[in-house]
Amino acid sequence: MQDAHNVDVTEGMNTKRRSPLAVGLAMLLAAAAFFSGLHIGNVSTAANNQTAGLFSLFASAPQPDTEADLTEFWRVWELLEQKYASPSTTIDVSVEERIQGAIDGLVDSYGDPYTVYLPPVEAEEFEEDISGNFSGVGMEVGLRDGLVTVIAPLPDTPAEGAGILAGDVVVRIDGESTEDMTIDDAVIRIRGEKGTEVVLSVFREGGTEILEIPIIRDTIDIPTINTELRDGVFIIQLYSFNALSEMKMQEALREFVESGAENMVFDLRGNPGGFLQSAVAISSFFLPTGKVVVRENFGDGRDEEVYRSQGRTLRQFAPRQMVVLVDGGSASASEIVAGALKEHDVATVIGETTFGKGSVQELVDLPDGSSLKVTIARWLTPDGTSISDGGLEPNIEVVRTVQQRLNNEDPQLNAAVEYLNGTFDPVNYSATSTELFDESAE
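Reading guide: rules and limits
- Residues numbered from 1 in each chain as written.
- Predicted model: local features only at pLDDT ≥ 70, side-chain atom pairs only at ≥ 80, totals over all residues.
- Heavy atoms only, no water.
- Core = buried A, V, L, I, M, F, W, Y, C linked by side-chain atoms within 4.5 Å.
- Buried < 20%, exposed > 50% of the residue type's maximum accessible area, 1.4 Å probe, protein only.
- Helix = DSSP H or I, 4+ residues; strand = E, 2+ residues; numbered from the N terminus.
- Contact = heavy atoms within 4.5 Å.
- pLDDT = per-residue confidence, 0-100.
- Patch = residues over 30% accessible without salt bridge, like charges linked within 9 Å, V, L, I, M, F, W, Y side chains within 5 Å.
- Areas by Shrake-Rupley, 256 points an atom, 1.4 Å probe, with all protein chains shown as cover.
- Salt bridge = Lys/Arg side-chain N within 4 Å of Asp/Glu carboxyl O.
- Pairing = 2+ DSSP bridges.
- Axes fitted to C-alpha atoms, helices over the stretch in contact; angles between N-to-C directions.
- Parallel < 35°, antiparallel > 145°, perpendicular 65-115°, else oblique.
- Left-handed = near helix turned anticlockwise from the far one by under 90°.
- Nonpolar A, V, L, I, M, F, W, Y, C, P; charged D, E, K, R; others polar.

> Hey, could you run me through the nonpolar core in this one?
Where a protein is soluble and globular, its nonpolar side chains tend to be buried together. Counting residues in hydrophobic clusters, the biggest one holds 41 residues, and the most contacted among them are Phe 266, Phe 286, Val 324 and Leu 341. Of all the secondary-structure elements, those providing two or more residues to this core are strand 13 (233–238), helix 7 (245–259), strand 14 (263–267), helix 8 (276–284), strand 15 (292–297), strand 17 (321–326), helix 9 (333–343) and strand 20 (371–380). The element best represented in this core is helix 9, accounting for six residues. Beyond its immediate sequence surroundings of up to four residues, Phe 266 is in contact with Ile 236, Leu 238, Met 249, Ile 282, Met 322, Val 323, Val 324, Leu 325, Val 337 and Leu 341. Membership of the second largest hydrophobic core comes to 25 residues, among which are Tyr 114, Val 137, Val 150 and Val 198.

Rendered as structure tokens:
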């Protein structure tokens with residue numbers, strides 16, 4: 001989700017096609033900052049009423065090369081019309097509800113957790129999400145191996161305060177199982193009014209029992225960036241690729257130059273993504289003009305869309321050495337930036353394998369107020385590696401355990417600083433590495 005890609009989704013919803021790079025991972029926080037790859041558009045129709053608009057999806061939509069045979073669909077429809085007896089005189093399923101159910105089943109048959117049909121009420125809530133007008137718990141979730149998984153809690157949010165950690169698997173929401181639950185369904189259940197409580201039942205890696213974690217919802221203030229100078233190394237921690245990230249990154253880089261430091265740590269851990277424009281612009285601070293940042297692959301023989309660096313490099317002010325920190329909470333735009341800097345030999349990546357969210361969704365508004373969020377492409381690194389295929393592997397693996405997180409210990413950041421200062425000893429971290437690490441260890 002460069003002209004069209006540069007439009008902020010919070011400015012309105014009527015543009016034909018706009019594209020914040022969507023994480024495609026449903027959000028539980030002020031959402032505009034986190035939609036990398038989400039294309040937004042409208043479907044026009046000549047229909048004059050809701051029912052006609054819905055039926056147009058079956059009758060008037062473009063047909064595939066081999067026209068689908070809908071005989072059985074209409075036969076079942078007619079049988080239900082003729083024979084179904086409601087168990088209650090107060091229950092009546094409208095024509096619109098039946099059609100919405102049929103569409104939902106069609107979309108679900110594709111087996112893609114990020115391709116979702118949103119009926120009018122859910123579509124309106126989703127629009128509120130991407131405009132950031134709601135309360136939540138301050139975390140983002142995605143699907144990993146079919147399980148609702150926490151990508152990252154944001155700092156100073158109810159989720160972090162309650163002890164939620166990246167990688168936690170949410171098995172129940174207020175007692176309701178998340179098995180076979182879509183991301184959007186999970187988000188709807190976790191969201192709610194400020195001051196109300198939601199209880200998440202989570203399974204944590206290395207644990208032996210389900211943890212019951214109550215969280216009080218609140219208005220979420222999304223942080224953008226933080227800077228620190230440690231042992232002569234300048235550290236920039238970026239929390240999201242939102243509309244302010246490029247400006248905040250410029251300010252942080254000015255601090256870096258004024259600090260006199262030569263080396264930099266760019267910390268993308270727990271960063272769930274954001275605008276494609278922001279990812280390309282921030283990569284451009286470190287890459288020569290014209291270098292590939294990311295490829296958008298449509299998987300149907302069409303030419304890839306290639307996004308290149310914009311010639312905004314720091315030049316003589318660039319860090320002499322650079323480390324990018326990642327973990328399982330680094331997703332989408334974070335993976336794009338880390339992959340570009342890694343493959344162009346600008347930075348060494350340290351930490352853990354990233355989340356692996358590399359698909360692109362388009363949001364299409366339908367005539368009755370519903371929406372279809374459909375996967376249309378996937379992101380590839382400059383060398384053509386699919387981000388969705390297992391995530392991005394670091395050059396040097398350094399694991400941060402659950403206990404270390406709870407104790408506020410950070411071996412990954414320590415390793416990055418030591419690596420840049422030439423004092424890194426893998427024995428201290430039980431690290432594994434690629435050839436790059438082996439060369440540096442000699």
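> Explain the confidence of the model for the chain to me, please; I cannot follow it from the model alone.
Any segment with low pLDDT has predicted coordinates that should not be analysed in fine detail. Chain-level statistics for the chain give a pLDDT mean of 80 and a share of 79% at 70 or above. Confidence drops under a pLDDT of 50 for residues 39–62, and excluding neighbours within four residues, the segment shows 65 contacts in the predicted structure. Scored below 50 in pLDDT, residues 431–442 shows 20 contacts in the model against residues more than four places distant or in partner chains.

> Got a minute to help me understand a nonpolar patch on the surface in this structure?
Together, Val 76, Leu 80 and Tyr 84 make up a nonpolar patch on the protein surface, roughly 310 Å² of accessible area in all. With respect to the secondary-structure elements, Tyr 84 resides in the loop between helix 2 (71–83) and helix 3 (95–108).

> Help me understand the pairing of strand 9 (residues 197–203), please; the structure alone is not making it clear to me.
The side chains of a regular strand alternate, residue by residue, between the two faces of the sheet. The pairing of strand 7 (residues 169–173) with strand 9 spans four bridges and is antiparallel. Bridge pairing in strand 9 places Arg 172 opposite Ser 201. Across six bridges, strand 9 lies against strand 10 (residues 211–216) in antiparallel orientation. Considered in strand 10, the bridge of Ser 201 is made with Glu 212.

> Even after reading the chapter, I still don't get the packing of helix 7 against helix 8, so can you show me in this structure?
Two measures define how a pair of helices packs: the angle their axes make with one another and the distance between the axes. Interaxial distance between helix 7 and helix 8 falls to 9 Å at its minimum, and their mutual angle equals 20°. With respect to helix 8, the element helix 7 is oriented roughly parallel. Along this stretch, helix 7 crosses helix 8, giving a crossing that reads as right-handed. Here helix 7 contributes Ser 245, Glu 246 and Met 249 to the contact with helix 8, which in turn contributes Gln 277, Ser 278, Ala 281 and Ile 282. Its residues placed into classes, the contact of helix 7 with helix 8 shows three nonpolar, three polar and one charged.

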